[in-house]
Amino acid sequence: PVLGGAMMAGGAVTPAGGASASPLMRNNRAPSHAPSSSAHSLVTPLGRRGVPPPPHSHRHSHAATPHPHPHPHHNHHHPHHNAVASTRGTPSSSSTAAARSFSRRSTRALTTCQAARKKKSDASSSSSSSENASSPSSKSASDSGINIEFDNESDGTATVVTIEGKDQSGLLVSVTGAFSALDLTVLDAMIKTTDDGTVLDVFRVTSKSGTQLPETVWEGVREYVLTTCMTLSNKSSMPLIYGATSPMFEKQKEKKGTVAGGAGSLMSEDLASTYETAASRLEQAAAEMSSAAAALVIKERELASVAEGVDASSQMQACEEASALLERKMAEMEATLASRRSTMQAEPAEPTAQRGGGAELRFADGGGTSTGPASGNGYEIILQGFNWESWKTSGGWYNELSRRMAEIYDDGFTAVWLPPSTDSVSEQGYLPRDLYNLNSRYGSEDELRTLLRRMKELKIKSIADIVINHRCAQDQDEQGRWNRFGGRLSWDSSAITCDNNEFGGRGAPGSGEDYSAAPNVDHTQDRIRHDLKEWLKYMRKNVGYDGWRFDFVKGYSGKYTREYIDESTPLMAFGEFWDACSYTDGVLDYNQDNHRQRTVNWCDATGGTASAFDFTTKGILQEACVRNEYWRLIDDRGRPPGMCGMWPSRAVTFIENHDTGSTLGHWPFPDYKLGEGYAYILTHPGTPCVFWDHYERGGLRETILDLMRLRRELKIMHRSSVKVVKTTADLYAACIDGKLCMKIGSGEWSPNSANIPPPPGQEDDPDGRWLCQVSGSGYAVWTFGSASELNGNGMDPESSAGLLASAGGSGWA
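Basis of the calculations
Residues numbered from 1 in each chain as written. Predicted model: local features only at pLDDT ≥ 70, side-chain atom pairs only at ≥ 80, totals over all residues. Heavy atoms only, no water. Helix = DSSP H or I, 4+ residues; strand = E, 2+ residues; numbered from the N terminus. Buried < 20%, exposed > 50% of the residue type's maximum accessible area, 1.4 Å probe, protein only. Areas by Shrake-Rupley, 256 points an atom, 1.4 Å probe, with all protein chains shown as cover. Pairing = 2+ DSSP bridges. Axes fitted to C-alpha atoms, helices over the stretch in contact; angles between N-to-C directions. Parallel < 35°, antiparallel > 145°, perpendicular 65-115°, else oblique. Left-handed = near helix turned anticlockwise from the far one by under 90°. Contact = heavy atoms within 4.5 Å. Salt bridge = Lys/Arg side-chain N within 4 Å of Asp/Glu carboxyl O. Core = buried A, V, L, I, M, F, W, Y, C linked by side-chain atoms within 4.5 Å. Patch = residues over 30% accessible without salt bridge, like charges linked within 9 Å, V, L, I, M, F, W, Y side chains within 5 Å. Lys, Arg positive; Asp, Glu negative; His and termini not counted. Charge placed at Lys NZ, Arg CZ, Asp CG, Glu CD. Arc of directions from axis to C-beta. Polar contact = N/O pair within 3.5 Å; in protein donor to acceptor, adjacent residues only side chain to side chain. pLDDT = per-residue confidence, 0-100. Phe/Tyr/Trp six-rings, centres within 6.5 Å; stacked < 30°, edge-to-face > 60°.

### Topic: the overall build of the protein
Moving on, step 1. Each helix and strand in the protein was counted, giving 20 helices and 23 strands.
Moving on, step 2. When each of the 813 residues of the protein is scored for burial, the buried share is 58%.
Moving on, step 3. Entry remark: accessible area of the protein is about 31600 Å², with carbon and sulfur atoms responsible for 50%.

As structure tokens, then:
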């Protein structure tokens with residue numbers, strides 16, 4: 001995609017010997033079934049897309065935050081919370097302006113090349129010395145040993161540019177830099193070097209406006225690229241990094257005469273191939289980063305040349321977009337280096353670090369255990385049993401769930417998270433008033449109790465949505481402030497933190513983040529905590545709930561959450577610690593360790609008795625899928641980059657909820673990538689939570705249920721091990737517990753072609769192989785077995801191969 005006019009190579013460059021048999025068929029366009037709005041998001045400048053909201057934050061100004069929503073449950077109290085803050089203006093230049101820009105740059109390049117040729121010709125005619133004739137400056141373009149051809153017929157959407165000739169140091173950097181300087185967009189590329197040092201590089205490029213290059217500019221582009229490459233020196237056919245053979249390979253060759261293969265080799269063919277691929281990836285990342293930096297320089301110089309008094313808003317926007325692109329490429333370089341470091345490790349690091357002190361003694365075996373309920377038995381699959389509009393259901397939402405509960409049980413869910421059940425100012429239940437009044441817009445108390453009894457019959461855990469950070473009063477004081485509470489818990493203003501001046505709070509300062517939409521409860525007071533503990537015990541023992549989902553836990557200390565859990569003894573407990581990810585110039589940072597560490601710290605403050613929603617994984621996974629940046633899905637220690645890679649037994653993974661999706665849509669996962677998202681969370685460690693809207697959607701529902709079936713059959717749990725096998729721009733592949741392989745992204749990969757070993761105990765099966773069990777657009781999941789076993793499950797091998805091929809996989813290969 002084009003971002004601010006700068007070039008970004010969307011498809012992963014395939015090194016020589018790579019698995020991609022047809023790289024030109026891979027691109028960054030949305031699939032044909034994607035909604036037009038979703039497809040447009042792929043080519044929308046970063047400033048228009050914005051970044052997700054730093055939720056529940058009331059101390060960020062609108063100017064500093066693209067989506068400054070406080071807690072989204074209460075937007076009706078503050079209409080301005082729903083307003084989207086200003087972004088960096090309109091999308092990049094119109095197609096007409098882009099065409100003019102491209103034409104100007106092409107003409108300029110052609111003029112430069114013609115002048116250079118004339119200068120060299122004059123120099124050649126005035127001096128015939130062999131020294132001058134052989135110097136780089138006197139070479140003609142034809143002497144570069146490179147042939148460049150253009151083709152507008154084989155691909156109707158882009159111009160295919162083929163570069164063939166002698167390989168040279170820095171060739172890839174120079175070519176991509178030349179394309180960037182001409183404002184050409186590289187959609188994808190195939191980079192290949194043969195053993196004799198010949199290169200065959202194929203690029204699919206378009207103009208800035210996304211059209212094919214007209215034949216009238218081909219010669220200008222050719223001459224500009226050739227002139228750029230003229231001063232390059234030859235290079236070996238080994239993978240090069242900034243023009244130098246990898247020191248690792250040189251060191252190995254000094255010790256022994258061979259790197260891989262044959263008797264006495266230092267490393268296996270597979271390991272050598274891994275190192276070679278890592279070096280090629282690093283070279284490509286460096287080329288793209290250099291290209292983005294060059295594009296930014298061009299934009300900034302254009303801005304500097306604007307005359308005084310002339311509107312420079314479009315140039316400023318272009319600079320911001322170019323800067324954002326450079327940040328994105330720098331993030332990719334950081335990820336590439338991290339992936340290279342993790343490649344050097346024999347095994348990925350265990351998820352034991354950075355868990356804090358209070359719970360550290362419970363992690364002797366590396367997965368995280370505690371005496372508290374947290375994520376239940378480790379094999380739980382949660383269904384969020386509502387969306388933002390469920391309260392409108394005719395006949396009552398509780399009755400609807402009671403009717404559907406047997407179906408939910410048959411589909412394999414072990415727990416259902418229910419909406420807030422107390423009397424509330426807001427219809428959705430997130431502005432609670434009288435906690436003991438269980439008649440809500442979802443149904444009556446009797447209907448709720450009937451639903452909970454039905455769930456117990458089916459052994460499905462019922463999870464209550466507990467909103468105790470704040471509470472709405474029923475009456476005003478003499479000054480008109482809402483601070484007189486009714487019902488069985490008849491508190492006054494002394495129960496409100498003193499941070500809430502608008503409510504006349506007389507309690508202690510809050511122990512967490514302030515929440516301005518309603519009176520904040522002072523959890524530091526013994527009497528207040530006693531009242532809340534008694535209410536939770538009532539909900540657990542009398543009403544019949546099995547577990548708790550704590551809302552807005554950033555508002556009060558996790559140590560109080562531990563007290564509430566210890567006293568009420570739920571079977572499961574997890575909190576909503578929704579924190580803002582880290583961004584630079586509107587681009588998600590590669591390293592989100594601080595973000596997930598803050599969530600880990602909260603869980604640690606509860607003594608490990610509570611889990612938390614893994615917002616880090618959602619943020620990274622969403623960015624990776626939308627932007628074709630699957631290199632984001634591994635941290636610098638070879639682990640998953642979210643909380644599920646740091647403390648998996650305390651991570652509740654999810655794709656969407658009533659805040660981020662539904663009709664609120666504060667941070668929605670793109671529709672056409674939902675299959676990939678669920679292929680990730682339902683195969684990985686952590687406790688997955690499926691959103692109601694996705695469970696109800698035809699097609700996606702079947703995918704979710706198939707993935708759930710595999711998770712149950714293979715006993716994938718919240719502490720399962722993950723080995724990340726491969727990450728590139730267009731591919732993420734991993735093996736879970738050694739018995740399930742999966743991939744997401746358009747890149748080609750299969751565990752058979754990657755020589756993934758069989759699960760323990762199945763090594764001697766002569767007919768054994770990895771078989772595709774679930775596949776779709778951009779995702780595939782394999783288990784080990786025989787073709788007869790696969791047929792026994794009712795799946796046709798050939799149709800499975802076809803599905804996988806359509807998903808960008810490699811079928812049975």
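### As for the sheet that holds strand 23 (residues 779-785)
Moving on, step 1. Taken in spatial order, the five strands make up an open sheet running 19-20-21-23-22, and their pairing is antiparallel. The open sheet is flanked by strand 19 (722-728) and strand 22 (769-776), the only strands paired with a single partner. The average undirected angle you get between the axes of adjacent strands in this sheet is 20°.
Moving on, step 2. Bridge analysis of strand 19 against strand 20 (residues 731-736) gives six bridges, and the strand direction is antiparallel. The residue of strand 20 that forms the bridge with Val 724 is Ala 734.

### Describing the packing of helix 15 (residues 615-627) against helix 16 (residues 674-681)
Moving on, step 1. Remark: helix 15 packs on helix 16, axes separated minimally by 10 Å, with the N-to-C direction vectors making an angle of 135°. Taken together, the axes of helix 15 and helix 16 are oblique relative to one another. Taken as a pair, helix 15 and helix 16 cross one another with a handedness that is right-handed. Seen from helix 15, the contacting residues are Thr 617, Leu 621 and Cys 625; seen from helix 16, they are Glu 676, Gly 677, Tyr 680 and Ile 681.

### A few points about the pairing of strand 22
Moving on, step 1. Along strand 22, seven of the eight residues are buried, which leaves the element largely enclosed by surrounding structure.
Moving on, step 2. As defined by bridge partners, strand 22 adjoins strand 23 across seven bridges and the pair is classed as antiparallel. What sits directly across from Trp 770, in strand 23, is Phe 784.

### Notes on the pattern of salt bridges
Moving on, step 1. On inspection of all chains with the given rule, the structure shows 40 salt bridges.
Moving on, step 2. For the salt bridge of Asp 155 with Arg 204, the shortest nitrogen-to-oxygen distance reads 2.6 Å. Taken together, the residues span a long stretch of sequence, with Asp 155 in the loop between strand 1 (146-151) and strand 2 (159-166) and Arg 204 in strand 4 (residues 198-206) at a distance of 49 residues.
Moving on, step 3. For Asp 155, a relative accessible area of 15% puts it in the buried group.
Moving on, step 4. Its salt-bridge partner being Lys 554, residue Asp 579 comes within 3.2 Å of it at the nearest N-O pair. Of the two residues, Asp 579 is situated in the loop between strand 13 (572-575) and strand 14 (583-584) and Lys 554 in the loop between strand 12 (547-550) and helix 13 (558-568); the sequence distance between them amounts to 25 residues. Pair check on accessibility: Asp 579 and Lys 554 agree, each one buried.
Moving on, step 5. Overlapping salt bridges, with partners in common, bring together Glu 400, Arg 403, Arg 404, Glu 407, Asp 411, Glu 696 and Arg 701 in one network.

### Here's the deal with the sheet that holds strand 2
Moving on, step 1. Reading across the sheet, the four strands line up as 1-2-4-3 and stay open at both edges, with antiparallel pairing between neighbours. In this open sheet, the two edge strands, each paired with only one partner strand, are strand 1 and strand 3 (185-190). Shown here is a sheet whose adjacent strand axes are inclined to one another by a mean of 20°, direction ignored.
Moving on, step 2. Looking at chain direction, strand 3 and strand 4 are connected through five bridges and run antiparallel. Paired with Met 190 across the bridge in strand 4 is Val 202.

### Some remarks on the nonpolar core
Moving on, step 1. In this structure, Tyr 678, Tyr 732 and Ile 744 are the most contacted members of the largest nonpolar core, which totals 116 residues.
Moving on, step 2. In terms of nonpolar packing, the next biggest core, distinct from the first, is built from 23 residues, Ala 178, Leu 184, Val 205 and Leu 226 among them.

### A short note on a negative patch on the surface
Moving on, step 1. There is a patch of like negative charges on the surface, built from Glu 763, Asp 764, Asp 765 and Asp 767.
Moving on, step 2. For Asp 764, the position within the fold is in the loop between strand 21 (740-744) and strand 22.

### Side note on unusual backbone geometry
Most of the time, phi is negative for any residue but glycine, and the peptide bond is trans.
Moving on, step 1. Positive phi outside glycine occurs at Phe 552, with the angle close to 45°.
Moving on, step 2. Within the fold, Phe 552 resides in the loop between strand 12 and helix 13.
Moving on, step 3. With phi around 50°, Ser 662 is a residue other than glycine that occupies positive phi space.
Moving on, step 4. Turning to its location among the elements, Ser 662 is positioned in the loop between strand 17 (651-654) and helix 16.

### Here's the deal with helix 13
Moving on, step 1. Turning to helix 13, its buried residues are Gly 558, Tyr 560, Thr 561, Tyr 564, Ile 565 and Ser 568. One side of helix 13 holds all its buried residues, which, seen down the axis, span an arc of 155°.
Moving on, step 2. Next to the buried residues of helix 13 lie helix 12 (526-543), strand 12, strand 13 and helix 14 (593-605).
Moving on, step 3. Positive backbone phi, approximately 45°, marks Thr 569, located one or two places after helix 13.

### Observations concerning the side chain of His 470
Moving on, step 1. Summarising the element assignment, His 470 is placed in the loop between strand 9 (461-466) and strand 10 (475-476).
Moving on, step 2. Residue His 470 is classed as buried on the basis of its relative accessible area of 1%.
Moving on, step 3. There is a polar contact of 3.1 Å between the side chain of His 470 and the backbone oxygen of Tyr 430.
Moving on, step 4. Within polar-contact distance, the side chain of His 470 engages the side chain of Asn 469 at 3.0 Å.

### Some points on the confidence of the model for the protein
In low-pLDDT segments, the atomic positions of the prediction should not be examined closely.
Moving on, step 1. Averaged over every residue, the pLDDT of the protein is 75; residues scoring 70 or more account for 67%.
Moving on, step 2. Scored below 50 in pLDDT, residues 231-267 makes 69 contacts in the model with residues more than four places away or belonging to other chains.

### Topic: the pairing of strand 1
Moving on, step 1. In strand 1, alternate side chains face the same way, and those of Ile 146, Ile 148 and Phe 150 are buried while those of Asn 147, Glu 149 and Asp 151 on the opposite face are not.
Moving on, step 2. Where strand 1 and strand 2 come together, six bridges link them in antiparallel fashion. Counterpart to Asp 151 in the pairing with strand 2 is Val 160.

### Here we look at the packing of aromatic side chains
Moving on, step 1. Counted according to the given criterion, the structure contains 20 aromatic pairs.
Moving on, step 2. When the centroid spacing of 5.2 Å and the interplanar angle of 50° are considered together, the rings of Tyr 436 and Tyr 538 count as tilted. In this pair, Tyr 436 is assigned in the loop between strand 8 (415-417) and helix 11 (445-457) and Tyr 538 in helix 12, connecting sequence segments 102 residues apart. You'll find Tyr 436 and Tyr 538 in the same group, each marked buried.
Moving on, step 3. Judged by centre distance (5.9 Å) and plane angle (70°), the rings of Phe 485 and Trp 491 are edge-to-face. Of the two residues, Phe 485 and Trp 491, both sit in the buried class.

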